[in-house]
Amino acid sequence: MQDSSSAPEIRVCAASDLVNGGLGVKVPVTDSAGQTTAFFVRYQDRVHGYLNRCAHVGVELDWEGSFFTRAGDLIMCARHGATYEPDTGLCVGGPCRNGRLTVLAVQEREGAVYWQPSGKIWPLDAAEG
């Protein structure tokens, strides 16, 4: 099992790749439930990262990289419409109300977005190695 003290941070993308309420960037990951993706989005000028798994039934949230509602104010599951606060991951509408997305440690610095893997969520290539 991976140990967070030995985990290298992962460069996800250029900071300019994420715009407020725009498309997200996905990274292949693995966790205790198997392979999925993590996603990173920008909301109110801050970058947020989550495991790409709906709190309702565990399916990936996005449709072709799109995570936000058309208004850009909530993250929405493309499968059944559950909505989440982009800055906390709290489900505020739909069948998983009061559920929560799994938050990832993310930083933005020097023009790039970085993720610090920890716990059971690891980049797919690191988990295989």
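Residues numbered from 1 in each chain as written. Predicted model: local features only at pLDDT ≥ 70, side-chain atom pairs only at ≥ 80, totals over all residues. Heavy atoms only, no water.

Some details on the pairing of strand β9 (residues 106-109)
Here β9 pairs with strand β10 (residues 112-115) via four bridges, running antiparallel. Residue arginine 109 lies in a different strand from β10, and its bridge partner there is alanine 112. Linking β9 to β10, which pair antiparallel, is a turn of two residues; within it glutamate 110 sits at a positive phi near 50°. (Pairing = 2+ DSSP bridges. Helix = DSSP H or I, 4+ residues; strand = E, 2+ residues; numbered from the N terminus.)

What to know about the packing of aromatic side chains
All chains considered together, the criterion is met by four aromatic pairs. Taking the centre distance of 3.9 Å and the plane angle of 10° together, the rings of phenylalanine 39 and phenylalanine 67 count as stacked. Residue phenylalanine 39 is found in strand β3 (residues 34-43), and its partner phenylalanine 67 is found in the loop between β4 (46-51) and β5 (75-76); the two are separated by 28 residues along the sequence. For the pair phenylalanine 39 and phenylalanine 67, one class covers both residues: buried. Ring centres of tyrosine 43 and phenylalanine 68 lie 6.5 Å apart, and the angle between their planes is 25°; this geometry places the pair in the stacked category. Taken together, the positions of tyrosine 43 in strand β3 and phenylalanine 68 in the loop between β4 and β5 put the pair 25 residues apart, joining distant regions of the chain. (Phe/Tyr/Trp six-rings, centres within 6.5 Å; stacked < 30°, edge-to-face > 60°. Buried < 20%, exposed > 50% of the residue type's maximum accessible area, 1.4 Å probe, protein only.)

Description of the pattern of salt bridges
All told, the structure shown has five salt bridges when counted by the stated rule. As a salt-bridge pair, arginine 109 and glutamate 9 come within 2.2 Å of each other at their nearest N and O atoms. A residue pair is termed long-range when its members are at least 10 positions apart, and arginine 109 in strand β9 and glutamate 9 in the segment before β1 (10-14) qualify at 100 residues. Its relative accessible area of 32% is what places glutamate 9 among the partly exposed residues. Arginine 53 serves as the salt-bridge partner of aspartate 31, at 2.5 Å between the closest nitrogen and oxygen. Placement of the pair is aspartate 31 in strand β2 (residues 25-31) and arginine 53 in the loop between β4 and β5, with a sequence separation of 22 residues. Taken together, the shared-partner salt bridges in this structure form one network comprising Lys26, Glu60 and Asp62. (Salt bridge = Lys/Arg side-chain N within 4 Å of Asp/Glu carboxyl O.)

What to know about unusual backbone geometry
For glutamine 44, which is not glycine, the phi torsion reads 50° and is therefore positive. Mapped onto the elements, glutamine 44 comes out in the loop between β3 and β4. A relative accessible area of 56% means that glutamine 44 is categorised as exposed. Here glutamate 64, not a glycine, exhibits a phi torsion of approximately 55°, which is positive. With respect to the helices and strands, the residue glutamate 64 is situated in the loop between β4 and β5.

A word on the sheet that holds β1
An order of β1-β10-β9 is seen for the three strands of this open sheet, with the pairing classed as antiparallel. Unpaired on one side and paired on the other, β1 and β9 mark the two borders of the sheet. Averaged over all adjacent pairs, the angle separating strand axes in this sheet is 25°, with direction ignored. As judged from the four bridges shared by β1 and β10, these two strands associate in the antiparallel manner. Residue isoleucine 10 lies in a different strand from β10, and its bridge partner there is tryptophan 115. (Axes fitted to C-alpha atoms, helices over the stretch in contact; angles between N-to-C directions.)

Thoughts on the UniProt feature "domain: Rieske" (unreviewed entry) in the chain
UniProt records the feature "domain: Rieske" (unreviewed entry) at residues 10-115, using the numbering of this structure. Taken end to end, residues 10-115 is 0% helix and 42% strand, and its first and last C-alpha atoms sit 5 Å apart. (UniProt positions renumbered as here; feature names shortened; annotations may be inferred.)

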